[in-house]
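Commentary on secondary and tertiary structure
Spelled out from the first residue to the last, the chains are:
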Amino acid sequence: MKYDIRYKPAFAAIFLSLSPGESITAEAGAMTSMNGQISMRTEFSGGLLSALLKKFFGGESLFVNVFTNNTQLPLEVVLTQSTIGDIACIDLRGGREICFQPGAYIAHTPGINIGVQWAGFSSFFAGEGLFKLKLSGQGRVFFGAYGGISQKQINGEFIVDSGHLVAYDPGIKMKLGLAGGLIGSMTSGEGLVNRLSGNGEIYLQSRSVGGLVGFLRPKFR
């Protein structure tokens, strides 16, 4: 399967070329266009029970769409996200797993398993949700963010402002804490931050939806 992520970083979209017999599974509503000969079927995301968990605890849709090329020619399907921002691809191999924050997942190739895992109260109060999506298997996973995406390898402690963490290795631990001292945290505007610890990769988004909401709210009063 060939793919090209275009219009980065603000309005990214995934252009996929499906060879004969290939398929891609995508979040409901992710398709923007496709060749008329591509077949599409809608199904529960991993079965009814799993889909319900992902819907109510993982921030994802109840259904996914599976796009399949049943012809003898390569065909194109284009996927994107509802958020304005960048899109990236992770290639899972050799037992690697990755965790996504709610709303980040877009699509995956066959061979990927998606589950919901408890993230903890620290994650919730840091604006990242009580549950996270955990993806494993062999294949490619596409995910998106609000703003640009940056990848970083951490070893030890690393501080991330609330709402900016998009994806991370399962071994990374989260702990909610003050940005500095009590008075400094309140007067600096930083408040509570997400203190990450461990050894692994994290993916950050350059903007936060919560920050946008906070900026717009006073303007609608």
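These lines cover the structure that appears in this document, whether it is placed above or below. (Residues numbered from 1 in each chain as written. Predicted model: local features only at pLDDT ≥ 70, side-chain atom pairs only at ≥ 80, totals over all residues. Heavy atoms only, no water.)

Some remarks on the sheet that holds strand 7 (residues 75-79)
Across the sheet, four strands lie side by side as 1-2-7-4; this open sheet has antiparallel pairing. Edge positions in the sheet fall to strand 1 (2-6) and strand 4 (31-34), since each has one partner strand and no second. Across the sheet, the axes of successive neighbouring strands diverge by a mean angle of 20 degrees, strand direction being ignored. The pairing of strand 2 (residues 13-18) with strand 7 spans five bridges and is classified as antiparallel. Directly across from Leu18, in strand 7, lies its bridge partner Leu75. (Pairing = 2+ DSSP bridges. Helix = DSSP H or I, 4+ residues; strand = E, 2+ residues; numbered from the N terminus. Axes fitted to C-alpha atoms, helices over the stretch in contact; angles between N-to-C directions.)

Thoughts on the pairing of strand 7
When you tally the buried positions in strand 7, you get four out of five residues, the bulk of the element. Where strand 4 meets strand 7, three bridges bridge the pair, whose relative direction is antiparallel. If you follow Met31 over to strand 7, its bridge partner there is Leu79. (Buried < 20%, exposed > 50% of the residue type's maximum accessible area, 1.4 Å probe, protein only.)

Section: the packing of aromatic side chains
Centre distance and the angle of the planes are the two values used to describe a pair of aromatic rings. Summed over all chains, the structure comprises four aromatic pairs. Here Tyr7 and Phe15 contribute two aromatic rings whose centre-to-centre distance is 5.8 Å and whose plane-to-plane angle is 80 degrees, an arrangement assigned as edge-to-face. Of the residues examined, Tyr7 reaches a relative accessible area of 52% and is grouped as exposed. With a relative accessible area of 12%, Phe15 lands in the buried category. With centroids separated by 5.4 Å and ring planes inclined at 80 degrees, the aromatic side chains of Phe143 and Tyr203 adopt a geometry described as edge-to-face. (Phe/Tyr/Trp six-rings, centres within 6.5 Å; stacked < 30°, edge-to-face > 60°.)

Let's talk about the pairing of strand 13 (residues 139-144)
Extensive coverage of strand 13 is indicated by the burial of five of its six residues. Looking at chain direction, strand 8 (residues 87-92) and strand 13 are connected through six bridges and run antiparallel. Pairing of Asp91 across the sheet is with Arg140, part of strand 13. Pairing of strand 10 (residues 105-108) with strand 13, which is carried by three bridges, proceeds in the antiparallel orientation. Counted as the bridge partner of His108 is Val141 from strand 13.

Function-wise, these values are silent; they only describe arrangement.
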